[in-house]
Each structure stands twice: as structure tokens, then as C-alpha cells.
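# Residue-level structural notes
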Amino acid sequence: MVELSGVLGVALVALGMVLTPGPNMIYLASRSITQGRRAGVVSLGGVAAGFLVYLLATNLGLSAVFLAVPELYVAVKMAGAAYLVYLAWTALRPGGTSVFAPKDLPHDSPRKLFTMGLMTNLLNPKIAIMYLSLIPQFISLEAGDILLQGFLLGAVQIAVALTLNLGIVLAAGAIAVFLARRPSWLRAQRYLMGTALGLLAVSVAADSSAPATSG
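Before going into details, it helps to say that this report is about the structure given with it. (Residues numbered from 1 in each chain as written. Predicted model: local features only at pLDDT ≥ 70, side-chain atom pairs only at ≥ 80, totals over all residues. Heavy atoms only, no water.)

So, about the overall build of the protein. A tally of regular secondary structure across the protein gives eight helices and zero strands. Residues counted as buried form 43% of the 215 residues belonging to the protein. The contacts in the protein between residues at least 6 apart in sequence include a share of 86% that link residues at least 24 apart. For the protein, the exposed area adds up to about 10600 Å²; of that, 72% sits on carbon and sulfur atoms. (Helix = DSSP H or I, 4+ residues; strand = E, 2+ residues; numbered from the N terminus. Buried < 20%, exposed > 50% of the residue type's maximum accessible area, 1.4 Å probe, protein only. Contact = heavy atoms within 4.5 Å. Areas by Shrake-Rupley, 256 points an atom, 1.4 Å probe, with all protein chains shown as cover.)

A grouping of Leu-12, Leu-15 and Leu-19 is seen on the molecular surface, where their side chains present a nonpolar patch of about 300 Å² in accessible area. Within the fold, Leu-15 resides in helix H1 (residues 4–19). Taking relative accessible area as the criterion, Leu-15 reaches 34% and is therefore assigned partly exposed. (Patch = residues over 30% accessible without salt bridge, like charges linked within 9 Å, V, L, I, M, F, W, Y side chains within 5 Å. Salt bridge = Lys/Arg side-chain N within 4 Å of Asp/Glu carboxyl O.)

Glancing now at the packing of aromatic side chains. Applying the stated criterion to the full structure yields one aromatic pair. Plain terms: the ring middles of Tyr-54 and Tyr-131 are 5.9 Å apart, the flat faces sit at 15° to each other, and that makes the pair stacked. Placement of the pair is Tyr-54 in helix H3 (residues 37–68) and Tyr-131 in helix H6 (residues 125–134), with a sequence separation of 77 residues. Neither residue differs from the other here; Tyr-54 and Tyr-131 are each classed as buried. (Phe/Tyr/Trp six-rings, centres within 6.5 Å; stacked < 30°, edge-to-face > 60°.)

On to the side chain of Asn-24. Looking at the secondary structure, you find Asn-24 in helix H2 (residues 23–35). With a relative accessible area of 7%, Asn-24 lands in the buried category. Excluding its chain neighbours within four sequence positions, the residues that come into contact with Asn-24 are Val-47, Phe-51, Thr-120, Asn-121, Asn-124 and Ile-127.

Moving on: the packing of H2 against helix H5 (residues 110–122). At a minimum axis distance of 9 Å, the contact between H2 and H5 shows a crossing angle of 160°. Here H5 runs roughly antiparallel to H2, going by the angle between their axes. The crossing of H2 and H5 is right-handed. Facing H2, whose interface residues are Pro-23, Asn-24, Tyr-27, Arg-31 and Gln-35, H5 presents Lys-112, Leu-113, Met-116, Gly-117, Thr-120 and Asn-121. Here the contact of H2 with H5 is composed, by residue class, of four nonpolar, five polar and two charged. (Axes fitted to C-alpha atoms, helices over the stretch in contact; angles between N-to-C directions. Parallel < 35°, antiparallel > 145°, perpendicular 65-115°, else oblique. Left-handed = near helix turned anticlockwise from the far one by under 90°. Nonpolar A, V, L, I, M, F, W, Y, C, P; charged D, E, K, R; others polar.)

Here it is as C-alpha cells:
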């Protein structure tokens, strides 16, 4: 069985990851605002599929690949950090926009929305690091089947992430209207998001820990 401390630990990690602005939040909020809640929910389905891919890959040995080829792990982290720096610059640069600012985006088909949600999550460095380095730390050798623990803890993360992201999808339009009427708040949100992304990029790049393995 999974220990309660492990469940609570993963839930807190998942909560922090969702509340820190990143690629998933940016994509889901922008689609919900420009194309409606239904498009946001379809996009969230793609994000959910991405979580399942990480869950399966990590528990079936992807961590072992990175342990065997540490240079590959470093390359993935640096690429993720670079992407976060780009997102931070997009938010902080002169003329940058908030994640909740309405954008003139084309209306995409449900299939494309799902695929883009999937790819956004698969290329999200926050999620990669969480599955490869953070969740395995809550697995206890004394608690029984390690593989089962990995899947159960991953399920906790997915449940927390999808619940909060669904809230973002449903509330994005209302938040956008609220912020549009308060330009100073919109700028503050943009700067806060950009700063958070920048700090996360530095944290990712500076992290010298090796990937943990859950199997």
C-alpha cells in the first residue's frame, strides 16, 4: 500500500506545479478564452493523455534510460529550461501579454486541440521533472510493490492536476474579463507569471540531482 505521507506529498507537489504558470496553463487558458470552454475541455483531454504517457513511461523504465545515459537527462533538462526562459521572456518583454489576455487565435478542430494539448504536456519540462525526479522520492521500499506505488502516486498527481486545470478552463473567460477591466492587475499577473517562469528555469538548470528510479 502507498503510505499516507507519500500521497499527501505528491498531492502538494502536484498542487504547486499546477499553480505555477507554465505551458499547460498558458495553452488551456488561451484556448478556453478564444474558442470557449468546450475547446478547453478537449485540450485538457490531450493534457490528460500526456500525463498517462509519462505515468506509463516512468514506471516502465524511462528513468533507467536516463540513469544509464545521464547526458540525455541533462540535455532534456537544459532544453526544458530554455523553453521556460522563452516563455518568461514572452511574458516580461515590452509589449508582452498575459496568459489571460484575449488573443486572436484560429479555431481548431477537436482532433487538433487534443493533439496540441498532448504535445504541450509531453514537452512540458515541469511535468518531466516531476515524474522523473519528484514522485519517485515518495515511494517507500517498505510499503510493498514499487510498481504499484508508482502507478497509484501518479494517479494522485493526475487527479489533482486535472481537477485544478478544469477549474482554470471553466474560469478562464471570467478571469480574462475581470483582468481586462483592470489593466494594472493584468500587468501584475503578466509580470508575476514571467518571474515565476524565470525562477523555475533557473531552478531546473541549476538542479544537479540525478533522476530517481521507481522500478
